[in-house]
Amino acid sequence: PGQKSSLRHALNSPERRLWTNLPAPADAGGLRLGDMDENQIRAACDLMATLFSEQGYRKMCHIMLADDQLLKGGRPRSGFGTENFSLVLFGQPSSQQPWAFQLDGHHVGVNVSVSGEAMTVAPSFIGTQPQSFTLGGKKYRPLTVEIDDAYRLAGSLTDDQAKEAIQRPKRGFIRVGPGQDGKVPESVGVACSTFSSEQKKILLRLIGQWVNDLPAAQAKRRMNELAKEMDQMRFAWNGPRQVGSDVSYSIQGPSLIIEYACQDLGGKPLEHLHTIYRDPTNEYGGQLDGK
């Protein structure tokens, strides 16, 4: 019963808006992985593997494993590590009625809203620290294309495009992170309508790193919507365009806000990354409108 009261909340619960990228406080909502037995953890993993694509599921797991690298000597640390990630269910999971799932933890605040076959992950925060790590002789990078294709796109800009895209010589900050629901910043940067066909391919692949965390059918539907909006989007860049530079960037259109920024905390900006994904027209699947 105690676990159920932590896990289950009403669909319109204020808890849905309390997601954050910060290490979880002791009184955070949700059921911690560290408070589950093995069978419950397996069920939690099955649920996440159902709600996310393989790309999305692996990304969430790898972010948790990255957070374990921040445990000194593997010792428990309040708010850090896989055991301190929590699951929350809002409403009654159903094939017909709306419901929602939330994954909370350090560098993860993912909101999955479900209504029949419709799904969205807006708004969601996804980050990582460190950028890469090695376990069992294998190297992991939770955010790969989000980094590599961004530099590729920035490097492909013509001189005229770069003048429009580059907003400042140094990295900026995420403007619509946790706690900024309903805020739509000014759209800045180069108009994506000026992009070549190759640049548009890179842009769509980049956007897909967030959208394709959804199952295939829902992701395809959303990507088709965004492909039609591409000429209304803008791409902005802050910092040098050389690969490995300390940067931030944004992609913004009528129904899309993606932001990415390196972070100072920890002393190595390239090892501490924050991103945000929003859909101003469909936050929380519209389930909290007017509430």
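Described in the following lines is the structure provided in the data block. Since this is a predicted model, take the numbers as computed values, not measurements.

**Here's the deal with the overall build of the chain**
Here is step 1 of the chain: Each helix and strand counted, the chain has 7 helices and 15 strands in total.
Here is step 2 of the chain: Counting only C-alpha atoms, the chain reaches 60 × 45 × 30 Å along its principal axes.
Here is step 3 of the chain: Within the chain, the proportion of its 291 residues that are buried is 50%.
Here is step 4 of the chain: When contacts within the chain are restricted to residue pairs at least 6 apart in sequence, long-range pairs at least 24 apart make up 66% of them.
Here is step 5 of the chain: Of note, the chain has its 33 positive side-chain charges centred 2 Å away from the centre of its 32 negative side-chain charges.

**Details of helix 6 (residues 197-211)**
Here is step 1 of the chain: Here helix 6 contains 15 residues, and its C-alpha end-to-end distance of 20 Å stays within 8% of the 21 Å for a straight helix at 1.5 Å per residue.
Here is step 2 of the chain: Those residues of helix 6 that fall on the buried side of the exposure criterion are Gln199, Ile202, Leu203, Leu206, Ile207, Gly208, Gln209, Trp210 and Val211.

**Considerations on the side chain of Asp279**
Here is step 1 of the chain: Positionally, Asp279 belongs in the segment after strand 15 (273-278).
Here is step 2 of the chain: Polar contacts involving the side chain of Asp279 include one to the side chain of Thr281, which spans 2.6 Å.

**Quick word on the packing of helix 4 (residues 145-156) against helix 6**
Here is step 1 of the chain: Axis separation between helix 4 and helix 6 bottoms out at 9 Å; the angle between their running directions is 155°. In terms of orientation, helix 4 lies roughly antiparallel with respect to helix 6. Helix 4 and helix 6 meet at a crossing whose hand is left-handed. Mapping the contact onto sequence places Val145, Glu146, Asp149, Ala150, Arg152, Leu153 and Ser156 in helix 4 and Gln199, Ile202, Leu203, Arg205, Leu206, Gln209 and Trp210 in helix 6.
Here is step 2 of the chain: The residue inventory of the contact of helix 4 with helix 6, partitioned by class, reads 7 nonpolar, 3 polar and 4 charged.

**Some thoughts on the packing of aromatic side chains**
Here is step 1 of the chain: On inspection of all chains with the given rule, the structure shows 7 aromatic pairs.
Here is step 2 of the chain: Consider the rings of Phe235 and Trp237, whose centres lie 6.1 Å apart with planes at 45°: the pair is tilted.
Here is step 3 of the chain: Taking the relative accessible area as the measure of exposure, Trp237 reaches 0% and is therefore buried.
Here is step 4 of the chain: Pairing Tyr249 with Tyr260 gives two aromatic rings, centres 4.8 Å apart and planes at 15°, and the pair type is stacked. On the criterion of sequence distance, the pair formed by Tyr249 in strand 13 (residues 248-253) and Tyr260 in strand 14 (residues 256-262) is long-range, its members being 11 residues apart. The same class applies to Tyr249 as to Tyr260, namely buried.

Rules behind the numbers
- Within each chain, residues carry numbers counting from 1 in the order of the written sequence.
- Local features in this predicted model are restricted to residues whose pLDDT is 70 or higher, and side-chain atom pairs enter the listing and the counts only when it is 80 or higher, whereas totals over whole chains, interfaces and linings include all residues.
- Note that the side-chain values use all heavy atoms of the structure and ignore hydrogens as well as water.
- Labels follow the DSSP assignment, with helices taken as runs of H or I lasting at least four residues and strands as runs of E lasting at least two, numbered in each case from the N terminus.
- Under the scheme applied here, a residue whose accessible area is under 20% of the maximum for its type counts as buried, over 50% as exposed, and between as partly exposed, the area being computed with a 1.4 Å probe on protein chains only.
- Throughout, a residue-residue contact means that at least one pair of heavy atoms, one from each residue, lies within 4.5 Å.
- Counted as positive: Lys and Arg. Counted as negative: Asp and Glu, with His and the chain ends omitted from the count.
- One atom stands in for each charge, and that atom is NZ of Lys, CZ of Arg, CG of Asp or CD of Glu.
- Here the expected span of a helix is defined as 1.5 Å times the quantity of residues minus one.
- We define a polar contact as two N or O atoms separated by no more than 3.5 Å, with the added condition that, inside protein, one atom must be a possible hydrogen donor and the other a possible acceptor, whereas residues neighbouring each other in sequence contribute only through side-chain atom pairs.
- The angle between two axes is taken between their N-to-C directions and runs from 0 to 180 degrees, where each axis is a line fitted to C-alpha atoms and a helix contributes only its stretch in contact.
- Roughly parallel means an angle under 35 degrees; roughly antiparallel means over 145; roughly perpendicular covers 65 to 115; every other angle is labelled oblique.
- Whether a crossing is left-handed or right-handed is set by the direction in which the near helix is turned from the far one by less than a right angle, anticlockwise for left-handed and clockwise for right-handed.
- The nonpolar class holds Ala, Val, Leu, Ile, Met, Phe, Trp, Tyr, Cys and Pro. Asp, Glu, Lys and Arg form the charged class, and all remaining residues, Gly among them, are polar.
- Stacked, tilted and edge-to-face are the three classes applied to pairs of Phe, Tyr and Trp rings, where Trp contributes its six-membered ring and a pair requires centres within 6.5 Å; stacked means planes under 30 degrees apart, edge-to-face means over 60, and tilted covers the rest.

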